[in-house]
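A structural walkthrough
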Number of protein chains: 2
Amino acid sequence: MRPAAEQVTQSLRDEIMSGAIASGTRLGEAELAVRLSVSRTPVREALSRLAAEGLVELTPHRGARVATWSEEQLREIFELRLRLEPYAVRQAVPRLHSDQLDQLDELAEAMIQNRSLDRLVDLNRRFHGMFIDAAGSLPLAGALKAVTHAAVVHQNFADYTPDAMHRSLNHHVEMVAAARAGDGDWAEAVMRAHLYNARATMIGGPL
Amino acid sequence: MRPAAEQVTQSLRDEIMSGAIASGTRLGEAELAVRLSVSRTPVREALSRLAAEGLVELTPHRGARVATWSEEQLREIFELRLRLEPYAVRQAVPRLHSDQLDQLDELAEAMIQNRSLDRLVDLNRRFHGMFIDAAGSLPLAGALKAVTHAAVVHQNFADYTPDAMHRSLNHHVEMVAAARAGDGDWAEAVMRAHLYNARATMIGGPL
DNA sequence: CTCAGCAAGTTTGCATACAACCCGCCCGTC
DNA sequence: GACGGGCGGGTTGTATGCAAACTTGCTGAG
């Protein structure tokens with residue numbers, strides 16, 4: 001059996017990212033310990049790690065809450081993503097093997113076929129994660145992970161207009177095509193457009 | 001008295017950043033607990049947080065070591081800094097008040113006067129930190145903190161040639177001048193040059 | 001009626017005890 | 001003599017108990 005702390009971390013991460021636990025919800029240690037059938041110690045450990053990832057906010061003697069982001073912070077996060085994620089895609093392109101490209105195509109296709117919004121969030125996270133991992137830079141991956149978490153949690157595909165959703169799904173397909181062509185510039189440009197499109201529906205333009 | 005875990009975190013962070021504990025050193029929980037006169041619990045908490053900051057590496061059942069960075073990772077870290085820190089400086093310029101500018105001048109001047117290398121590391125960290133904080137973006141500050149930590153730990157001013165050191169110190173002064181002039185473009189450019197200069201002495205060029 | 005002060009209850013923070021796991025060494029076997 | 005298995009020491013991972021801090025609701029004075 002795997003370490004308890006890690007399992008707790010994963011469980012909470014999934015629940016937060018999938019939206020099962022809403023932003024701002026209070027996370028009592030004892031309550032979580034009972035619910036997950038472990039003691040408070042690994043729960044504390046897990047909360048500490050998630051706080052490091054930026055998924056929960058931890059204030060001394062006042063416990064943990066699921067992180068919340070102001071509109072201003074979301075804007076700043078997109079600014080960061082725009083500086084890092086297109087670069088990551090560019091680095092990833094020459095490193096992607098054909099089987100990975102196939103996987104990416106499958107993910108992009110699955111997102112188009114898919115109808116469940118919950119599943120869409122997960123597929124989307126895996127799609128972006130594959131590019132980030134393929135970039136092959138641990139520091140870059142670490143910096144982006146914290147930053148994209150926020151976007152994932154806050155991402156409400158229900159807010160997407162049909163047009164915006166259509167664009168987003170096509171961006172995924174186009175990005176894989178660019179990668180398959182070995183054209184880093186192209187892929188990078190598509191990722192930029194992808195992020196601007198997402199930002200437009202989430203916070204409505206640059207201001 | 002302040003919370004024990006926080007004090008332990010701060011102590012270890014200082015010791016690692018100042019180089020008092022070398023890169024790769026094993027950090028036994030029991031040993032640290034005795035040395036800092038606390039139990040293992042807050043020590044574990046501290047190690048967990050420092051791992052999140054990227055200062056220590058934590059492997060399951062095998063304990064903690066002070067983080068080490070390969071030359072490849074250092075290269076990637078500089079790539080990240082080059083994308084984020086000049087941008088941070090640009091954002092900071094219009095937000096810096098005159099008393100903060102005075103402080104920055106004092107730091108830059110102190111670095112010139114200073115002869116102790118240990119003190120230089122601390123002054124340099126505070127100088128860069130002020131710009132990052134002034135940028136006013138928590139997500140940006142978080143991303144940069146993890147990334148600059150590595151550079152600070154690995155920074156060996158003893159490796160600087162007199163010329164490189166002279167350039168570095170002058171960059172600081174010039175950056176404050178640019179900020180005082182309210183010229184974000186100028187300040188950003190100086191920071192770029194500052195980072196390239198540092199990279200050249202630390203890993204020797206882009207490759 | 002409002003607000004300051006306080007007291008009970010709940011929650012976090014720390015210490016200690018126990019269990020699980022990893023590493024190194026020894027011994028036995030091939 | 002070399003290699004594989006296992007046994008012991010030591011370290012990390014988890015559970016539990018207790019002390020300190022915060023929150024909340026009440027009470028009484030203004």
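The name given to chain A in an unreviewed UniProt entry is GntR family transcriptional regulator, with Paractinoplanes tereljensis as the source organism.

Turning to the protein's contact with DNA strand C, a few remarks are in order. Surveying the vicinity of DNA strand C reveals 18 residues, the closest of which are R40 and R44 of chain A together with A4, S39 and T41 of chain B. In the model, a sugar or linking oxygen of DNA strand C is placed 3.3 Å from a nitrogen or oxygen of the R26 of chain A side chain. Note that a phosphate oxygen of DNA strand C is positioned 3.1 Å from one of the backbone N or O atoms of H61 of chain A. Looking at the surface near DNA strand C residue by residue, the classes come out as seven nonpolar, six polar and five charged.

This next bit is on the interface of chain B and chain A. With 19 residues of chain B at the interface, the matching set in chain A holds 19 residues. Together chain B and chain A conceal approximately 1800 Å² of surface at their shared face, both sides included; 61% is due to carbon and sulfur atoms. Scanning the region where chain B abuts chain A turns up two salt bridges. Residues E45 of chain A and R44 of chain B are paired through a salt bridge, measuring 3.3 Å at the closest nitrogen-oxygen approach. Here chain B is connected to chain A by four residue pairs in polar contact (both at pLDDT 80 or more). Those elements that provide at least two residues to the side of chain B that touches chain A are α3 (40–53), α4 (71–92) and α7 (138–154) of chain B. For the side of chain B that touches chain A, the element with the most residues is α4 of chain B, which contributes eight residues. Among the residues making up the side of chain B that touches chain A, the classes are represented as nine nonpolar, four polar and six charged.

Rules used throughout
Residues numbered from 1 in each chain as written. Chains lettered and ligands numbered in written order. Predicted model: local features only at pLDDT ≥ 70, side-chain atom pairs only at ≥ 80, totals over all residues. Heavy atoms only, no water. Near = heavy atom within 4 Å. Polar contact = N/O pair within 3.5 Å; in protein donor to acceptor, adjacent residues only side chain to side chain. Nonpolar A, V, L, I, M, F, W, Y, C, P; charged D, E, K, R; others polar. Contact = heavy atoms within 4.5 Å. Buried area = accessible area lost by both parts, 1.4 Å probe. Salt bridge = Lys/Arg side-chain N within 4 Å of Asp/Glu carboxyl O. Helix = DSSP H or I, 4+ residues; strand = E, 2+ residues; numbered from the N terminus.

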